[in-house]
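Notes for the structure review
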Amino acid sequence: MRYNEKELRALSRQPAELAAELGMRGPKKGSVAKRRLVKLVVNFLFYFRTDEAEPLGALLLERCRVAQEEPGGFSISFVEDPERKYHFECCSQEQCEQWTEALRRASYEYMRRSLIFYRNEIQKMTGKDPLEQFGISEETRFQLSSLPRDGLSARVSSRLDELD
C-alpha cells in the first residue's frame, strides 16, 4: 500500500476515538509485550512509545479480524496473512471489550455497510433518499448492488458478523 508519511504523522496527531496505554506484542515469534500508547484514529491504529510524540507504527484496520484472546486481551490479524497477529493486553476486561468493539467498527467497509443500511431504513420511513440532497445518491459505492454476489459475498457477510 502506498502512503504519504507526512500525512500519516499528521493523522496520528488528530483527536483519537480511543486511546490508552496497553501492553502490545508484535507478530514476531518470541516478541515480548511492551507498554505502548495506542490511539485509534478513523481506521488506523497508531502505536507510540509512551514517552514519544511520533508513532512507532500504524495498523490499517481493513480486512482484519479482531478477536478477544485471554481475559483482558485481544488480537488483530489480517485476512491476507493470518499468522501476522498483534496481541494487546488491557487493564481490565471492560477496557478490552471497549477496544474490541471500537476496532470492529473502525473499518471503511463497516462504515459503508452502515451507511447503506441506514440509508435504506430512512428511505423506507420517509420515501426520500437522504443522499439525494448531496448529489451522490447514484454513486456505485452507495448501492447495495455494488456488493459482491459470488462466494466473496458470503465471506464479506460473515466478516460483518464478526464486526458486530
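Residues numbered from 1 in each chain as written. Predicted model: local features only at pLDDT ≥ 70, side-chain atom pairs only at ≥ 80, totals over all residues. Heavy atoms only, no water.

The protein is annotated in an unreviewed UniProt entry as Pleckstrin homology domain-containing family J member 1 from Sciurus carolinensis.

**Here's the deal with the pairing of strand S6 (residues 73-78)**
Put simply, the rule is: Summary of the burial criterion: residues with accessible area below 20% of their type's maximum are buried, those above 50% are exposed, and those between are partly exposed, where the area comes from a 1.4 Å probe applied to protein chains only. Only DSSP runs of H or I reaching four residues or more are called helices, and only runs of E reaching two or more are called strands; each is numbered from the N terminus. Pairing between two strands is assigned when DSSP locates at least 2 bridges connecting them.
For S6, a buried count of six out of six residues is recorded, marking the element as mostly surrounded by other parts of the structure. Side-chain alternation along S6 places Gly73, Ser75 and Ser77 on one buried face and Phe74, Ile76 and Phe78 on a second face that is also buried. Taking the residues that link successive antiparallel strands as the turn, the strand S5 (residues 64-68)-S6 hairpin has four residues, and the phi of Gly72 there is positive, at about 80 degrees. When S6 meets strand S7 (residues 81-89), the two strands line up antiparallel, connected through six bridges. Across the sheet, Phe74 pairs through a bridge with Phe88, a residue of S7. If you look at the hairpin formed by S6 and S7, you'll find two residues sitting between the two strands.

**Examining the side chain of Asn43**
Let me state the cut-off plainly: Definition of a polar contact: a pair of N or O atoms within 3.5 Å, with one able to donate and the other able to accept a hydrogen when the atoms are protein atoms, and with sequence-neighbouring residues admitted only if both atoms are side-chain atoms. What makes two residues a contact is simply this: any of their non-hydrogen atoms within 4.5 Å.
By secondary structure assignment, the location of Asn43 is in the loop between strand S2 (34-41) and strand S3 (44-49). What makes Asn43 buried here is its relative accessible area of 14%. A distance of 2.8 Å separates the side chain of Asn43 from the side chain of Glu62, its partner in a polar contact. Setting aside residues no more than four positions away along its own chain, Asn43 makes contact with Leu59, Leu60, Leu61, Glu62, Ala106, Ser107 and Tyr108.

**Some thoughts on unusual backbone geometry**
Phi at Val42 is positive, roughly 55 degrees, even though this residue is not glycine. Here Val42 is to be found in the loop between S2 and S3. Using a relative accessible area of 42% as the deciding quantity, one classes Val42 as partly exposed. Positive phi values are uncommon outside glycine, yet Arg63 reaches one of about 55 degrees.

**Concerning the sheet that holds strand S4 (residues 57-60)**
Selection rule: The axes used here are C-alpha line fits, helices contributing only the stretch in contact, and every angle between their N-to-C directions lies in the interval 0 to 180 degrees.
Strand order in the open sheet made by the seven strands is S4-S3-S2-S1-S7-S6-S5, with antiparallel pairing throughout. Edge positions in the open sheet fall to S4 and S5, since each of these has one partner strand only. Sheet twist, expressed as the mean angle between neighbouring strand axes with direction ignored, is 35 degrees. Here S3 pairs with S4 via four bridges, running antiparallel. Paired with Leu45 across the strands is Leu59, a residue of S4. Each of S2 and S3 is contacted by helix H1 (residues 5-12), which is oriented at about 80 degrees to S3, the strand it contacts most. The strands touched by helix H2 (residues 93-104) are strand S1 (18-25), S2, S3, S5 and S6; relative to S5, the strand with the most contacts, the crossing angle is about 165 degrees.

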